[in-house]
Amino acid sequence: MFRKIRSNRAPEKTVWMDLRDELAPYLTRIYKSSSSLLRRFPRTIFVCMVISLSYSVLWSFSSRQGHKSKNNSQVSGQKDSSQNLAVINGRLNSISRTAGNLRRTMAIRDKVDSVLNKKKLSGTDSVFLENALLELKQIQQP
């Protein structure tokens, strides 16, 4: 069950080298065919690239525009502007509360790191660490 597996593989040979050796003929063939295609039809390929880029840009703007009009009709039909303000204020309060909790957590972490870097801990250090743990648990609760 715990026998050593012996291999006759050369130590300088890696998986990537084996893959390269195995796939090299296919990759060179793909490279040669694509470069010959690019040399034969450079203008056509360039035009296709420009068309696809412009289509991509236009599609991104048109999809955003359609999405906005859809949301605007839903918002105007369902909610009042005062309700929108209440939702925005609630979200901003949530963000500021989270930022405050993050600041408190970072301050606690700095204090705990400074206490843990001491060579010898006293009883007051143990009490401080327990209180810091309780405060972190309190921060995590919603």
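Note: the structure precedes this text.
Rules used throughout
Positions within a chain are numbered from 1, following the residues in the order the chain's sequence is written. The model is predicted, so local features are restricted to residues of pLDDT at least 70 and side-chain atom pairs to those at 80 or more, both for listing and for counting; the totals for chains, interfaces and linings are taken over all residues. Only hydrogens and water are removed before side-chain values are computed, so all heavy atoms of the structure are retained for them. By the criteria applied, helices consist of DSSP H or I runs no shorter than four residues and strands consist of E runs no shorter than two, each listed in order from the N terminus. Calculation of accessible area relied on Shrake-Rupley with a 1.4 Å probe; when residues are assessed, cover is drawn exclusively from the protein chains displayed. Under the convention used throughout, the expected extent of a helix is 1.5 Å for every residue step, that is, one less than its residue count. Any residue under 20% of the maximum accessible area for its type is buried, any over 50% is exposed, and the rest in between are partly exposed; the area is computed with a 1.4 Å probe on protein chains only. Directions are taken from the helix axis to each C-beta atom, and the arc is the one they span. Salt bridge criterion: a side-chain nitrogen from Lys or Arg within 4 Å of a carboxyl oxygen from Asp or Glu. A residue's bend is given by the angle between axes fitted to the 7 residues ending at it and the 7 residues starting at it.

Q: What is the right way to read the overall build of the chain from this model?
A: Along the chain, the regular secondary structure elements total four helices and zero strands. Counting from the amino terminus, the chain carries its helices and strands in the arrangement α-α-α-α. Put simply, the chain shows about 13500 Å² of open surface, and 61% of that area lies on carbon and sulfur atoms.

Q: Mind showing me how you'd approach helix α4 (residues 123–140) here?
A: Spacing of three or four residues puts side chains on the same side of an α-helix, whose turn is 3.6 residues. Taking 1.5 Å per residue, 18 residues should reach 26 Å; α4 reaches 26 Å between its end C-alpha atoms and fits that length. Within α4, the full set of buried residues consists of Asp125, Ala132 and Ile139. For α4, the angular spread of the buried residues around the axis is 40 degrees, confining them to a single face. Opposite its buried face, α4 presents the exposed residues Gly123, Glu130, Leu134 and Gln138, each directed more than 90 degrees away.

Q: Just checking my understanding: could you explain the pattern of salt bridges for this structure?
A: Side chains that differ in charge, positive against negative, can pair when their charged atoms come close. As enumerated under the stated definition, the model contains five salt bridges in all. Between Arg104 and Glu135 there is a salt bridge, and its shortest N-O distance comes to 3.5 Å. Taken as a pair, Arg104 in helix α3 (residues 81–116) and Glu135 in helix α4 lie far apart in primary sequence, 31 residues in all. Assessed through its relative accessible area of 36%, Arg104 is described here as partly exposed. What makes Glu135 partly exposed here is its relative accessible area of 31%. Where Lys118 meets Asp125, a salt bridge forms, and the shortest distance between an N and an O atom there is 3.3 Å. The exposure class assigned to Lys118 is partly exposed, which follows from its relative accessible area of 42%. Residue classification places Asp125 among the buried positions, given a relative accessible area of 8%.

Q: Teacher, can you tell me more about helix α1 (residues 15–40) here?
A: Helix length check: α1, at 26 residues, gives a terminal C-alpha distance of 37 Å against a target of 38 Å (1.5 Å per residue), a fit within 8%. In the structure, α1 departs most strongly from a straight axis at Leu23, where the bend amounts to approximately 55 degrees and where the proline Pro25 lies between one and four residues downstream.

Purely spatial values, then, with no claim about function.
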